[in-house]
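Observations on the model geometry
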Amino acid sequence: MYKKILILSTLLISSGCNIKENSNVSQLFKRDDIYHISLLNTQKAQLMASFETKALLTATYLNPVYTHENCKNFCMDVEDGEYFFVGVYIRDSKTHHFDNKGYSLKLEGVKPSDIEELDKDDPLRYEMPMVDNWSTYYKVKFPNVAKQDLVLTFESDRFGTDQLEFSKDEKALF
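Keep in mind that what you see is a predicted model, and the values were worked out from it rather than measured.

**Focus: a nonpolar patch on the surface**
Taken together, Tyr-35, Leu-39 and Met-130 make up a surface patch of nonpolar side chains, about 270 Å² in accessible area. Assignment of secondary structure puts Tyr-35 in helix H3 (residues 33-40).

**Some details on the sheet that holds strand S7 (residues 149-156)**
Strand order in the open sheet formed by three strands is S4-S7-S8, with antiparallel pairing between adjacent strands. Strand pairing shows two members of the sheet lacking a second neighbour, strand S4 (103-107) and strand S8 (160-167), which therefore form its edges. Geometrically, the sheet is characterised by an average inter-axis angle of 15° between neighbouring strands, direction not taken into account.

**Here we look at the packing of aromatic side chains**
For any pair of aromatic rings, geometry is given as the distance between the ring centres together with the angle between the planes. On inspection of all chains with the given rule, the structure shows six aromatic pairs. With a centroid separation of 6.0 Å and an interplanar angle of 50°, the aromatic rings of Tyr-61 and Phe-166 are classed as tilted. One end of the pair, Tyr-61, is in strand S2 (residues 52-61); the other, Phe-166, is in strand S8, with 105 residues separating them in the sequence. Just as Tyr-61 is buried, Phe-166 falls in that class too. Here the aromatic rings of Phe-84 and Phe-142 are separated by 5.8 Å at their centres, their planes lie at 85°, and the arrangement is edge-to-face. Taken together, the residues span a long stretch of sequence, with Phe-84 in strand S3 (residues 82-90) and Phe-142 in strand S6 (residues 136-142) at a distance of 58 residues. Here Phe-84 and Phe-142 have matching classes, each one buried. Through successive ring pairs, a cluster of aromatic residues spans Tyr-61, Phe-84, Phe-142 and Phe-166.

**Describing the pattern of salt bridges**
Opposite charge on two side chains allows them to pair when their charged atoms are near. As enumerated under the stated definition, the model contains seven salt bridges in all. The salt bridge partner of Glu-108 is Lys-147, with a shortest N-O separation of 3.0 Å. Of this pair, Glu-108 sits in the loop between S4 and strand S5 (114-117) while Lys-147 sits in the loop between S6 and S7, and the two are 39 residues apart along the sequence. What makes Lys-147 partly exposed here is its relative accessible area of 44%. The salt bridge involving Glu-116 is made with Lys-139; its shortest N-O contact spans 3.8 Å. Linking Glu-116 in strand S5 with Lys-139 in strand S6, this pair joins segments that are 23 residues apart in sequence. Relative accessible area serves as the criterion here: at 35%, Glu-116 is assigned to the partly exposed category. Each of the salt bridges in this network shares a partner with another, and the network as a whole consists of Glu-52, Lys-54, Arg-91 and Asp-92.

What counts and how
- Residues numbered from 1 in each chain as written.
- Predicted model: local features only at pLDDT ≥ 70, side-chain atom pairs only at ≥ 80, totals over all residues.
- Heavy atoms only, no water.
- Patch = residues over 30% accessible without salt bridge, like charges linked within 9 Å, V, L, I, M, F, W, Y side chains within 5 Å.
- Areas by Shrake-Rupley, 256 points an atom, 1.4 Å probe, with all protein chains shown as cover.
- Salt bridge = Lys/Arg side-chain N within 4 Å of Asp/Glu carboxyl O.
- Helix = DSSP H or I, 4+ residues; strand = E, 2+ residues; numbered from the N terminus.
- Pairing = 2+ DSSP bridges.
- Axes fitted to C-alpha atoms, helices over the stretch in contact; angles between N-to-C directions.
- Phe/Tyr/Trp six-rings, centres within 6.5 Å; stacked < 30°, edge-to-face > 60°.
- Buried < 20%, exposed > 50% of the residue type's maximum accessible area, 1.4 Å probe, protein only.

Have a look at this one:
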């Protein structure tokens with residue numbers, strides 16, 4: 001067994017020396033900066049009752065992600081508002097909408113100025129972390145906020161409130 005591991009390790013190491021920059025193997029180790037920055041700016045909120053999650057929301061603050069420095073392949077204009085990529089799952093619901101049936105989403109107490117439901121094949125869904133097949137995804141725009149620290153509130157008439165805190169400061173790449 002040790003002999004097989006040694007042979008396999010030797011093959012991997014020796015083949016690693018010949019990896020070209022654009023080969024499939026080198027892409028495995030190439031860092032995806034947009035994904036990394038998105039992950040740093042992603043948070044999860046859940047509304048619970050009777051020790052069960054009744055609603056789950058993941059939110060990625062897009063403004064720090066899509067600055068001009070980070071934009072290479074997929075770009076968005078985020079200067080005219082505060083943008084979030086939002087995924088919503090509501091238990092026992094066929095449609096996972098956060099803007100009806102007693103659910104709401106507010107940034108600093110203000111409702112969204114625009115809500116766009118994203119198709120299953122929307123390119124933004126492929127760029128973002130923590131995407132699953134059972135949630136509904138949206139690009140949500142709020143009016144610009146002058147404050148540096150933002151509070152996004154996910155609320156239900158029946159199940160309470162959860163707050164997510166985001167900062168306009170760009171997170172470090174490393």
